[in-house]
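Take a look at the letters that make up each chain.
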Protein chains: 2
Amino acid sequence: MVINSGLEGVVAAATRLSHVDGERGELIIAGYPVGELAEHATFEETTWLLWHGDLPSPGELDAFRAELAAARALPHPAIALLRECARVGVGPMDALRIAAGTISLVSTGAVAIVAKFPTIVAAYGRLLGGAEPVPPRADLGHAANFLYMLNGEVADPERVRGLETYLNTVVDHGLNASTFTARVITSTGSDLVSAVVGALGALKGPLHGGAPGPALDMVFEIGDASRAEEVLRRKIASGEKLMGFGHRVYKVRDPRADVLARAAERMYTRAGDMSLYRLARAVETTALRLLEEYKPGRRLQTNVEFYTALLLHGLGLDATLFTPTFAVSRVSGWIGHALEQQRANRIIRPQSEYIGPRDRTWIEARGVPQF
Amino acid sequence: MVINSGLEGVVAAATRLSHVDGERGELIIAGYPVGELAEHATFEETTWLLWHGDLPSPGELDAFRAELAAARALPHPAIALLRECARVGVGPMDALRIAAGTISLVSTGAVAIVAKFPTIVAAYGRLLGGAEPVPPRADLGHAANFLYMLNGEVADPERVRGLETYLNTVVDHGLNASTFTARVITSTGSDLVSAVVGALGALKGPLHGGAPGPALDMVFEIGDASRAEEVLRRKIASGEKLMGFGHRVYKVRDPRADVLARAAERMYTRAGDMSLYRLARAVETTALRLLEEYKPGRRLQTNVEFYTALLLHGLGLDATLFTPTFAVSRVSGWIGHALEQQRANRIIRPQSEYIGPRDRTWIEARGVPQF
């Protein structure tokens, strides 16, 4: 019996949501090349697109924005739970999972889930910083309101556009482990909150949701472009893994890195610390050159984490909120996959091979007759 | 590209935990035929066996029982959350998932999770019935304490033995959807609470955790053995599915049905309503005869749900608690699989085939140039 413990090469679903071509470095989101969609759409449009297959009409978009805006408040016990999480120091992904689980108290719907994720993440971010949560504002869009709840003030349009672009870029990416988790849970006939809470658990894992924080730490550690070569050479020579480079699927440049690099450039140019952007670019260029020198043919390219870190840092987010903010985006993809699974469902139940002992008896084990 | 949306026949893990042979009607739990283990072991012994591969020594067992007993209390916000769940009428599986999620506030350990599941289920069962939760007692075993927390009084040994046997019988069953969910989440490097909470979401689905309640409803509807043939014949002839019969894997009698039938017989003989047991037996015999008459060759046999319902009803459990009580057992299996996955890990990431459109452009869709 062949055991395929990573399920590599096994095709577990047909999907209209996204297509990842790792050899060509392409990502399609519901028909759009990722850059084409990410740089233009609002997150409400992207979410609608994933759930319905086409962009909304102006009337549909207005109604959808209003529906999301009206559903942002958290169930009553959620804020108290987040306070308790902050008090005992629970990690932000666990806190998000715990609070997201309570959405069942008020709704089982897709809109409620997507609407409440930013409220949870922003509230927890503020509580971790010793500040009070800021209630959502219904007159702001999804991305703008998230920044408002994080900072307590309305963000400038460049920052909002930067966040929209980020949210659109990472919203879906084939059958990654969290998306697959959402589909497995849905395949039993379970509900959307259960699917999303399970997916959050998978995204938390360092092999999946990753750690965009360390990529930025490396840039800060280098500090000045003139030191990039020396620091990176020492890291690579000592066998340290360079954070922000290399990907299991992409063998060429991750197309999301380009989109996020452009978004970061625009945002830092108009509303941020341009020297940090230039430093990050210099670090990237040097890292790619040294990786090719030390590991020729390994095709280690800049991945999505490198510019995620730069962009989200520029938006004023603490590194502890990077993965939860990833979830604020990806939840729309999870739900899109769950809806797709519901429409053409078959329970997902692979097999295992038993490699343990057989024919054990209780009397042998316990040495006493049983009556 | 071949799409295997149910992953049937795909072997996704090697395991020492359990082996299901559907053609021969055999279930092995860590080397023991299910009946051999289930009728003798305490649930603490079974849990240790699944996590360590062998039964505990007397000293290990004492220490493990004490450790579990000391970890039964819930985190402070959990009872408040369960009250809120009961107030708004959240289903018992959602309530269990919500409360289980808060275990991260106090622990990430396997023992804490298994220890707290019965406390959550019993507390919610009482709250749904308008009663106050009963705090756990550390001087009782895992099964005995669960019955104590459900009913507020110490159960007689026959009932405790009946529950131990049930918990041992359903503790693990190959790579079912919830167990697979726990392994996928664990494969990202995530934690046990995340894995278990995801698995609960999968178990909730009617295609998996099932509905042992309706099997018993059918017995009550028949009411008297003399009516069994008439009622069942009408149901089958009208195309109604007989609850408690048929299984995706087992083509002969589910070995768990035998174990639970014997446990139910012993328990009802000494501590229950023997007429209900006899009625259930008569219903089963008639159902099997009629299923063979109407659907020859379909090999529809009694499944685990039929005697689960009879046994748990005899233990005084309301039907709404049947699936949560299943989880009280299966959580030990989930954790055993998660530990096994941690020891030989590879991230579980199947592929999808993209069947959507390509090369869409924003301008085409929106009809306006973008700047």
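Everything here concerns the structure above.
The residue numbers shown here count from 1 along each chain, following its written sequence. Key to labels: chains lettered from A, ligands numbered from 1, both in the order written. Where local features are concerned, this predicted model is filtered to residues with pLDDT of at least 70; where side-chain atom pairs are given and counted, the filter is 80 or more; whole-chain, interface and lining totals use all residues. Hydrogens and water molecules were not included; the side-chain quantities draw on all heavy atoms of the structure.

Undergrad: Is there a simple way to explain the sheet that holds strand β2 (residues 18-21) of chain B in this structure?
TA: To summarise the sheet geometry, strands pair through backbone hydrogen bonds and adopt either a parallel or an antiparallel arrangement. Residue and element names in this part refer to chain B. Judged by pairing direction, the sheet is antiparallel, and its three strands sit side by side in the order β2-β3-β4 without closing on themselves. Each edge of the open sheet carries a strand with a single partner, namely β2 and β4 (32-33). One bridge is not enough; two strands pair if DSSP finds at least two bridges between them. Each helix is a run of DSSP H or I of at least 4 residues and each strand a run of E of at least 2, with the numbering of both proceeding from the N terminus. Alignment of strand β3 (residues 26-29) against β4, held across two bridges, turns out to be antiparallel. By the bridge assignment for β4, Ile28 is matched with Pro33.

Undergrad: Would you mind showing me how to read the interface of chain A and chain B here?
TA: Residue contacts are defined here by distance: any two heavy atoms, one from each residue, within 4.5 Å place the two residues in contact. Contact residues are listed per partner, giving 97 residues for chain A and 97 residues for chain B. Summing both sides of the interface, chain A and chain B together bury roughly 8600 Å²; the carbon and sulfur share of this comes to 59%. Buried area is understood as the total, over both parts, of accessible area removed when two parts are fitted together, assessed with a 1.4 Å probe. It is Arg349, Arg360 and Trp362 of chain A in chain A that bury the most area against chain B; as a group they hold 10% of the surface buried on that side. For salt bridges, the criterion is a side-chain nitrogen of Lys or Arg within 4 Å of an Asp or Glu carboxyl oxygen. On inspection of chain A and its partner chain B, the count reaches eight salt bridges. A salt bridge links Glu8 of chain A to Arg346 of chain B, with the nearest nitrogen and oxygen atoms 2.5 Å apart.

Undergrad: Could you clarify how one ought to interpret the pairing of strand β5 (residues 351-354) of chain A in this entry?
TA: Regular strands show a simple pattern: their side chains alternate between the two faces of the sheet. Buried means the residue's accessible area, taken with a 1.4 Å probe over protein chains only, is under 20% of the maximum for its type, while exposed means over 50%, and partly exposed covers the values in between. The two faces of β5 of chain A differ: Ser352 and Tyr354 of chain A on one face are buried, but Gln351 and Glu353 of chain A on the other face are not. Two strands pair when backbone bridges link them, and β5 of chain A and strand β1 (residues 11-15) of chain B are joined in this way by four bridges, in the parallel orientation. By the bridge assignment, Ser352 of chain A is partnered in β1 of chain B with Ala13 of chain B.

Undergrad: Honestly, the pattern of salt bridges in this entry has me stumped. Any pointers?
TA: Here the idea is simple: oppositely charged side chains can pair when their charged atoms come close. With the rule as written, the count across this model stands at 48 salt bridges over all chains. Measuring nitrogen to oxygen at the nearest pair gives 2.5 Å for the salt bridge that ties Arg360 of chain A to Asp54 of chain B. Taken together, the positions of Arg360 of chain A in the loop between β5 and α17 (362-366) and Asp54 of chain B in the loop between α2 (43-52) and α3 (58-70) put the pair across two chains. You can call Arg360 of chain A buried: its relative accessible area is 18%. For Asp54 of chain B, a relative accessible area of 43% corresponds to the partly exposed category. Note that Glu39 of chain B and Arg262 of chain B form a salt bridge whose closest N and O atoms lie 2.8 Å from each other. Within this pair, whereas Glu39 of chain B is found in the loop between α1 (34-38) and α2, its partner Arg262 of chain B is found in helix α13 (residues 255-271), the two being separated by 223 residues in sequence. Owing to a relative accessible area of 37%, Arg262 of chain B belongs among the partly exposed residues under this scheme. Beyond isolated ion pairs, a larger network of salt bridges with shared partners links Asp94, Arg97 and Lys204 of chain A together with Asp191 of chain B.

Undergrad: I would appreciate a short explanation of the environment of Thr285 of chain B in the present structure.
TA: Residue and element names in this part refer to chain B. Within the secondary structure, Thr285 sits in helix α14 (residues 274-294). The class for Thr285 is exposed, based on a relative accessible area of 54%. Each C-alpha atom, one on Thr285 and one on Ala228, is 9.5 Å from the other, the two residues being 57 residues apart in sequence. Between N or O atoms, a polar contact is any pair within 3.5 Å; within protein, one atom must be a potential hydrogen donor and the other a potential acceptor, and residues adjacent in sequence are included only when both atoms are from side chains. For Thr285, the side chain forms a polar contact with the main-chain oxygen of Arg281, separated by 2.9 Å.

Undergrad: Please clarify how the packing of aromatic side chains should be interpreted in this entry.
TA: Under the pairing criterion, centres of Phe, Tyr and Trp rings, with the six-membered ring standing for Trp, must be within 6.5 Å; the plane angle then separates stacked pairs below 30 degrees from edge-to-face pairs above 60, leaving the rest tilted. Following the criterion strictly, the structure yields 13 aromatic pairs over all chains and no others. Ring centres 5.3 Å apart and planes at 75° place the aromatic pair Trp48 of chain A and Phe64 of chain A in the edge-to-face group. Taken together, the positions of Trp48 of chain A in helix α2 (residues 43-52) and Phe64 of chain A in helix α3 (residues 58-70) put the pair 16 residues apart, joining distant regions of the chain. Per residue, the accessibility class of Trp48 of chain A equals that of Phe64 of chain A, and both read buried. With 5.0 Å between their ring centres and 80° between their planes, Phe306 of chain B and Tyr307 of chain B make a pair best called edge-to-face. The exposure class of Phe306 of chain B is buried, given its relative accessible area of 3%. The lysine or arginine in question, Arg137 of chain A, covers the ring of Tyr148 of chain A, its NZ or CZ lying 5.2 Å from the ring centre. By definition, being over a ring means that NZ of Lys or CZ of Arg is both within 6 Å of the ring centre and within 35 degrees of the ring normal.

Undergrad: I'm lost on the state of the cysteines in this one. Help?
TA: Among covalent bonds in proteins, the disulfide is the one between the sulfur atoms of two cysteines. By disulfide we mean two sulfur atoms from cysteines, separated by a distance within 2.5 Å. Going through the model one piece at a time under the given rule, you end up with zero disulfides over all chains. Free of any disulfide, Cys85 of chain A has its nearest cysteine sulfur in Cys85 of chain B, 15 Å distant. With a relative accessible area of 0%, Cys85 of chain A lands in the buried category.

Undergrad: For this particular structure, what's the right way to read the nonpolar core?
TA: Inside soluble globular proteins, nonpolar side chains tend to come together where they are buried. We call a set of buried Ala, Val, Leu, Ile, Met, Phe, Trp, Tyr and Cys residues a nonpolar core when their side-chain atoms join them within 4.5 Å. Of all hydrophobic cores here, the largest spans 240 residues; its most connected members are Phe117, Trp334 and Ile335 of chain A together with Phe117, Trp334 and Ile335 of chain B. For Trp334 of chain B, the contacting residues outside a window of four places in its chain are Phe117, Ser178, Thr179, Ala182, Val196, Ala199, Leu200, Leu203 and Ala327 of chain B. Judged by nonpolar contacts, the second largest core, of 20 residues, contains Leu7 and Ala177 of chain A together with Ala13 and Leu175 of chain B.

Undergrad: Any chance you could explain the sheet that holds strand β3 (residues 26-29) of chain A here in plain terms?
TA: All names here are of chain A. Strand order across the open sheet formed by three strands is β2-β3-β4, with antiparallel pairing between neighbours. The open sheet has two edge strands with one neighbour each: β2 (18-21) and β4 (32-33). Summarising the sheet, β2 and β3 pair through four bridges and their orientation is antiparallel. The partner of Val20 across the bridge, within β3, is Leu27.

Undergrad: Please clarify how the packing of helix α5 (residues 92-101) of chain B against helix α6 (residues 110-128) of chain B should be interpreted in this entry.
TA: To describe two helices that pack against each other, one gives the angle between their axes and the distance between the axes. All names here are of chain B. In this description, a line fitted to the C-alpha atoms serves as the axis of each element, helices being fitted only across the stretch in contact, and the angle between N-to-C directions of two axes falls anywhere from 0 to 180 degrees. It is at 10 Å that the axes of α5 and α6 come closest, and there the two elements cross at 135°. In terms of axis orientation, α5 runs oblique to α6. Between α5 and α6 lies a crossing of right-handed hand. Packed against α5, whose contacting residues are Pro92, Ala95, Leu96, Ala99 and Ala100, the element α6 presents Phe117, Ile120, Val121, Tyr124 and Leu128 at the interface. For classification purposes, angles smaller than 35 degrees are called roughly parallel, those larger than 145 roughly antiparallel, those between 65 and 115 roughly perpendicular, and all remaining angles oblique. Rotating anticlockwise by less than a right angle from the far helix to the near helix defines a left-handed crossing, while the corresponding clockwise rotation defines a right-handed one.

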